[in-house]
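# Coordinate analysis (summary)
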Amino acid sequence: MGHLSYESSKTIATKTILILAFITIFEVVFALLGKGYLVDGFYISGWITGGMMILLSIVKAYLIVYEFMHMKYEVPGLVRTVLFPTLLLVWAIIAFLAEGRYWLGSRENVKNPPATESSSGTTPQGLIYELPENSL
Amino acid sequence: MASDTMTDQHHHAETKPSWNGGSEPFKASYGKLMMWYFLLSDAFTFSGFLIAYGALRFSMPSWPVPDFVFSTFPGGFHHKPLLFVTLMTFILLASSFTMVRAVQEGHRENKMGVVKWMLWTIIGGAAFLGCQAWEWNTLMGKEHMSVKINPFGSHTESGTYLEGDGHDIKEGDTFKAGDSYLIHKHDGEWHPLKYRAEDGVDAGKEKQQQFGPKAFGALFFFITGFHGFHVLTGVIFLLIICVNSYTGLYVSRKNGYEMVEKIGLYWHFVDLVWVFVFLLFYLL
C-alpha cells in the first residue's frame, strides 16, 4: 500500500465489488438460459456456457487476488513465488480429467467385457469380473 | 522535542526485529509473506479436492444436474434453480468488500472504522454459515442425501413413468435422457419409480429409477464442508482481531493495522475458493 490515496483505493474497491457482482449475476443468468430455464425451447451448447463460466471465474479470481488481496501492489518477486507454483495445477487438471475419462472406459469394459477375449478362451481364471448391481 | 523523536525511532527499531538478517525480502513483513505461502499451500489442498471431483465426475456415465439438486429456497419454495446459492455468493462477496474497507481504515489508523467494517465482515461470514447450515439441513433432512446415498439421479434414456410420486411426477409422464429425478423416502423406505424405457439398449423394458453416483454426496459434503470450516475459522479469527482492534492493541504497534491486513488476505482467499466451488458444483 501507500501507492494510492485513501479516496482512490476506496473507489477501486467499490468498482471491483460491482464488477464481481455483475459477473456473478451474468454467470447465473447465462447458465440458466443455456439450460433452457428462461426461454422455452432455447438452449446453448454446454461447451459454450461451460467455457464462458470457466473464463469468467478466472476473471473473478484475478480481481480478488490482484485488487482485494493487493497482489497488484506487491513486488514482482513475491508475485512470482506465489503464482508460478499454481501453474503446476494446469497439468494436474489435464492429467486427472483424462484419467477420469479412462476410468469411465474401464467401467464399461468391466460391465461388458470385450467379446474377443472371452471367446478365444485366453481369459485366465480368477480374472473373471463379477460386478454387483448398482455398483456405481 | 529532539529526545521525543529519538525515543520514537528507538521504539520503531524495536518493533521491527522480525527479519534480523537485514532488509525485508520482497518488501513484505514476515507475517504477510508467510500468510501468502500458507494460502498457496491451502490453494493446493483445495485444488486436490476439486480435481478429484472433476476426475470422478468424468468417470461416471451420468451426474446429478446442479440446477435440479440445488433448487430449493427458504420458505418452502421449490424449482428456483441456483437462487439460494447465488444469494450465498453475494453474502460472501459483500463480506469481502467490507474486509477491504476495514484494511483501508487500518492503513489510516482509524480505529473505529476498522472495528465497524470488521463487524460487518463477521456478520457476513456468520450469515454465509447460516445459509450453508440451511442448505445442508435441506439436503440431509428433507431430501435424504448422505455421504453414502445419493438419491439424485439422471436418466440415461427416454421413457414413460408407470407410477407417480405424489409430488411432481404423474403416471404417464414422459422424460428424456439427461432429465433429473429425486428418489423420495417416506416412512424409512425408498420409493424408486417404475418406468418403461423407450430407447437405448433396454427399449421396451420395464425398469426402475437407480440411485445417482455415490461419490456426489461424499464430494459435496466434504468439499463444501472443508470450505465452511475455513469460513468458521475465519469468523473466529476476525472476532479475535476485531476485539484486539477495539481494545487498542494495534494502535501501539503503529504498523497500519497489519494484523487486519493479514486476516484480510485469508478472508479474501476463502472468497476466492468459493468462486471455484460455485463454478464446479453449481454452474457447470
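Small disclaimer: the values here were computed from a predicted structure and weren't measured.

This part is about the packing of helix α4 (residues 83-107) of chain B against helix α5 (residues 111-142) of chain B. What describes two packed helices is the angle between their axes and the distance between those same axes. Residues and elements named next belong to chain B. Across the interface, α4 lies against α5 with an axial gap of 8 Å and an inter-helix angle of 160 degrees. Looking at the two axes, α4 sits roughly antiparallel to α5. As α4 packs across α5, the resulting crossing turns out to be left-handed. Across the contact of α4 with α5, the residue classes tally to 15 nonpolar, seven polar and three charged.

Here we take up unusual backbone geometry. Residue and element names in this part refer to chain B. Unusually for a residue other than glycine, Phe26 sits at a positive phi of about 55 degrees. Take Phe26: it is sitting in the loop between α1 (2-15) and α2 (30-58). Residue Phe26 is classed as partly exposed on the basis of its C-beta count, with 17 C-beta atoms lying within 10 Å. Look at Leu82: it is not a glycine, yet its phi comes out positive at around 65 degrees. Of note, Leu82 is situated in the loop between α3 (66-69) and α4.

Attention now moves to the confidence of the model for chain A. Note that predicted coordinates carrying low pLDDT should not be read in detail. Residue and element names in this part refer to chain A. Of the residues in chain A, 82% have a pLDDT of 70 or more, and the chain-wide mean is 84. Here helix α5 (residues 115-120) is the element of chain A with the lowest mean pLDDT, 54, and helix α3 (residues 76-83) is the one with the highest, 94. Low confidence marks residues 118-128, where pLDDT is under 50. Its contacts with residues over four positions away, or in another chain, come to five contacts.

Next up on the list: the domain arrangement of chain A. Taken as a whole, chain A is organised into domain 1 (1-73) and domain 2 (75-108). Summarising the inter-unit geometry, the C-alpha centres of domain 1 of chain A and domain 2 of chain A are found 22 Å apart.

Rules and cut-offs
- Residues numbered from 1 in each chain as written.
- Chains lettered and ligands numbered in written order.
- Predicted model: local features only at pLDDT ≥ 70, side-chain atom pairs only at ≥ 80, totals over all residues.
- Axes fitted to C-alpha atoms, helices over the stretch in contact; angles between N-to-C directions.
- Helix = DSSP H or I, 4+ residues; strand = E, 2+ residues; numbered from the N terminus.
- Parallel < 35°, antiparallel > 145°, perpendicular 65-115°, else oblique.
- Left-handed = near helix turned anticlockwise from the far one by under 90°.
- Nonpolar A, V, L, I, M, F, W, Y, C, P; charged D, E, K, R; others polar.
- Buried ≥ 20, exposed ≤ 12 C-beta atoms within 10 Å, placed from the backbone.
- pLDDT = per-residue confidence, 0-100.
- Contact = placed C-beta atoms within 7 Å.
- Domains from an automatic or database assignment.

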